[in-house]
Amino acid sequence: MSEQLPFLPFTKPTIDEETIAAVGNVLRSGWLTSGPNVQALEAQLSEYFGGRPVRTFNSGTCTMEIALRIAGIGAGDEVITTPNSWVATANVIIETGATPVFADIDPRTHNIDLDKVEAVITPRTKAIIPVHICGLPCDMDKLYALAKKHNLRVVEDAAQAIGSTWQGKRIGSFGDFASFSFQVNKNIMTGEGGCLVLNNAEEARLAEKYRLQGVTRSGLDGIDVDVLGGKYNMTDIAAAIGLGQMKHLAEFNARRLALAKHYFAAFGNDFEASTGAELPVADFEQCNWHMFHIVLPERINRATFMEQMMEKKIGLGYHYRAIHLFSYYRARGFTDGMFPIAERVGKQIVTLPLFPAMNESDVERAVAAVKSCLQ
């Protein structure tokens with residue numbers, strides 16, 4: 001049967017003809033770098049996040065680094081984060097000259113275990129970067145109580161969390177810094193890109209400096225540089241895609257929610273007990289369902305499982321290998337066994353297909369393939 005079915009990728013963007021036409025209009029306009037579309041996207045995002053200042057960038061990585069720089073993080077400081085994320089989350093800490101400190105993850109949510117964060121806070125700790133993994137929010141009450149108690153800045157790695165909520169409030173609409181990614185597999189995308197939600201106009205002006213070589217312009221020919229910036233601005237081409245995607249954000253997230261619910265129904269109540277695999281937390285209120293993970297039982301070799309799924313024309317990813325086990329981080333003194341939950345999850349996790357253009361039969365195909373490969 002699978003021979004006749006098309007390959008089902010683990011993710012695929014949805015782009016409408018109106019957006020494609022808008023990109024064409026930008027190309028014809030001759031204004032390709034940051035311009036009116038960037039300004040329009042920032043205005044829409046600001047409205048979406050409750051009126052907070054928002055600045056766009058060419059990635060959701062530099063947004064975290066710039067937030068740390070605005071917060072004054074640098075050499076001699078420590079920043080606590082999770083080992084369960086894309087490596088960028090830790091890399092940005094090192095880019096500022098600070099030292100990354102990891103705390104292990106919760107075995108069910110796969111978010112950073114805030115109870116373990118407190119144990120690694122030192123006088124050098126200046127900030128924490130929690131990750132809302134797969135769009136499932138961290139416990140925001142606990143997070144910000146901890147930050148307030150220890151006078152820490154918070155840079156939320158909300159790369160996967162646009163549209164996620166905490167107690168009815170959108171992630172990014174409250175708190176400290178919030179960094180979002182618009183990379184191509186996110187719930188909305190600009191091809192590559194991201195945005196940073198800031199606290200006030202002063203931080204927004206500083207973010208603008210950091211994203212474009214530290215430059216401030218005045219009048220027709222006035223120019224000055226008073227901070228060390230980089231080249232991180234978003235193009236108008238990318239912003240045109242983002243404006244088109246914003247129109248569909250609620251629809252995309254609603255479809256992801258419906259597909260996630262269908263995954264749980266298709267797996268059935270006895271799936272975990274009968275296979276030893278672990279399903280994600282069934283949060284249908286606050287999560288935007290950016291990804292659908294399962295953790296394979298220890299008896300299953302993940303590479304073999306992925307190969308078997310590919311033979312059944314089901315695409316998979318795995319998100320993520322524990323950061324501290326990469327060679328670069330081992331060279332900084334991290335070793336096996338330091339964060340056992342992140343290590344176990346990172347070794348056995350797989351990401352199943354989930355994107356708005358899927359239908360219920362695609363979910364059923366993926367689930368049937370998983371069950372077959374686990375037998």
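Here's a quick rundown of the structure. (Residues numbered from 1 in each chain as written. Predicted model: local features only at pLDDT ≥ 70, side-chain atom pairs only at ≥ 80, totals over all residues. Heavy atoms only, no water.)

## Looking at the overall build of the protein
Here is step 1 of the chain: Each helix and strand counted, the protein has 14 helices and 13 strands in total.
Here is step 2 of the chain: Over its C-alpha trace the protein gives a radius of gyration of 21 Å, about what one expects of a compact globule, namely 21 Å for 375 residues.
Here is step 3 of the chain: Its C-alpha atoms give the protein principal-axis dimensions of roughly 70 × 55 × 40 Å.
Here is step 4 of the chain: A buried classification covers 55% of the 375 residues belonging to the protein.
Here is step 5 of the chain: Counted over contacts in the protein with a minimum sequence separation of 6, partners at least 24 positions apart contribute 70%.
Here is step 6 of the chain: For the protein, the exposed surface amounts to about 16100 Å²; the carbon and sulfur share of it is 54%. (Helix = DSSP H or I, 4+ residues; strand = E, 2+ residues; numbered from the N terminus. Rg over C-alpha atoms; globule rule 2.2 N^0.38 Å. Buried < 20%, exposed > 50% of the residue type's maximum accessible area, 1.4 Å probe, protein only. Contact = heavy atoms within 4.5 Å. Areas by Shrake-Rupley, 256 points an atom, 1.4 Å probe, with all protein chains shown as cover.)

## Brief notes about the pairing of strand E5 (residues 153-157)
Working note: regular strand, side chains alternate between the two faces of the sheet.
Here is step 1 of the chain: Burial within E5 is extensive, with four of its five residues counted as buried.
Here is step 2 of the chain: Read as a crossover between parallel neighbours, the route from strand E4 (residues 125-129) over helix H6 (residues 140-150) to E5 is right-handed.
Here is step 3 of the chain: Of the pairings in the sheet, the one linking E5 to strand E8 (residues 177-181) comprises three bridges and is parallel in character. Note that in E8 the partner of Glu 156 across the bridge is Ala 178. (Right-handed = clockwise from strand over helix to strand, strands pointing away. Pairing = 2+ DSSP bridges.)

## Digging into the packing of aromatic side chains
For any pair of aromatic rings, geometry is given as the distance between the ring centres together with the angle between the planes.
Here is step 1 of the chain: In the structure shown here, the tally under the stated rule is 17 aromatic pairs.
Here is step 2 of the chain: Their ring planes at 35° and their centres at 6.0 Å tell us that Phe 284 and Trp 289 sit as a pair that is tilted.
Here is step 3 of the chain: A relative accessible area of 2% places Trp 289 in the buried class.
Here is step 4 of the chain: The rings of Tyr 263, Phe 264, Phe 267, Phe 271, Phe 284, Trp 289 and Phe 292 are connected pair by pair, giving a single aromatic cluster.
Here is step 5 of the chain: Directly above the ring of Phe 174 sits Lys 169, whose terminal nitrogen or CZ lies 4.3 Å from the centroid.
Here is step 6 of the chain: The positively charged end of Arg 302 is found above the aromatic ring belonging to Tyr 318, 4.0 Å away from the centroid. (Phe/Tyr/Trp six-rings, centres within 6.5 Å; stacked < 30°, edge-to-face > 60°. Lys NZ or Arg CZ within 6 Å of the ring centre and 35° of its normal.)

## A look at empty space enclosed by the protein
Here is step 1 of the chain: In the structure shown here, the tally under the stated rule is three cavities of 30 Å³ or more.
Here is step 2 of the chain: The wall of the largest cavity is formed by 16 residues, among which Thr 109, Cys 134, Leu 136, Pro 280 and Val 281 lie closest to the centre.
Here is step 3 of the chain: Partitioned by chemical class, the residues of the lining of the largest cavity number 11 nonpolar, three polar and two charged.
Here is step 4 of the chain: Empty space within the second largest cavity amounts to approximately 80 Å³. (1 Å grid on protein atoms, 1.4 Å probe; cavity = no way out; pocket = protein on both sides within 12 Å on 5 of 7 lines; lining within 4 Å. Points joined across faces, edges and corners; volume = space filled by probe spheres on them. Nonpolar A, V, L, I, M, F, W, Y, C, P; charged D, E, K, R; others polar.)

## Some remarks on the sheet that holds E4
Here is step 1 of the chain: Spatially, E1-E9-E8-E5-E4-E2-E3 is the arrangement adopted by the seven strands of the open sheet, whose pairing is mixed. Each end of this open sheet is capped by a strand with a single partner; those strands are strand E1 (54-57) and strand E3 (99-102). Adjacent strand axes in the sheet meet at a mean angle of 25° when their direction is disregarded.
Here is step 2 of the chain: Direction of pairing for E4 relative to E5: parallel, over a ladder of two bridges. Bridge pairing in E5 links Ile 128 to Val 154.
Here is step 3 of the chain: Relative to the sheet, helix H4 (residues 88-95) contacts strand E2 (78-81), E3, E4 and E5, its axis offset from that of E3 by approximately 145°.
Here is step 4 of the chain: Against the sheet, H6 touches E4 and E5, its axis set at about 150° to E5. (Axes fitted to C-alpha atoms, helices over the stretch in contact; angles between N-to-C directions.)

## Concerning the nonpolar core
Here is step 1 of the chain: Membership of the largest hydrophobic core comes to 39 residues, with the highest contact counts inside it found for Leu 45, Phe 49, Ile 80, Val 117, Ile 162, Phe 180 and Phe 182.
Here is step 2 of the chain: Among the secondary structure elements, those contributing two or more residues to this core are helix H2 (36-48), helix H5 (114-117), H6, E8, strand E9 (194-197), helix H8 (236-246) and helix H9 (249-267).
Here is step 3 of the chain: Excluding its chain neighbours within four sequence positions, the residues that come into contact with Ile 80 are Val 101, Ala 103, Ile 112, Val 117, Val 120, Ile 121, Thr 125, Ala 127, Ile 128 and Ile 129.
Here is step 4 of the chain: Ranked by size, the runner-up nonpolar core spans 33 residues in total, among them Tyr 263, Leu 352, Met 358 and Val 370. (Core = buried A, V, L, I, M, F, W, Y, C linked by side-chain atoms within 4.5 Å.)

## Here we look at the environment of Gly 317
Here is step 1 of the chain: With respect to the helices and strands, the residue Gly 317 is situated in the loop between helix H11 (302-311) and helix H12 (327-330).
Here is step 2 of the chain: Assessed through its relative accessible area of 8%, Gly 317 is described here as buried.
Here is step 3 of the chain: Sequence spacing of Gly 317 and Phe 305 is 12 residues, and the spatial spacing of their C-alpha atoms is 12 Å.
Here is step 4 of the chain: Beyond its immediate stretch of four places on either side in the chain, Gly 317 contacts Phe 10, Met 306, Val 350 and Thr 351.

Keep in mind these numbers describe shape, not what the thing actually does.
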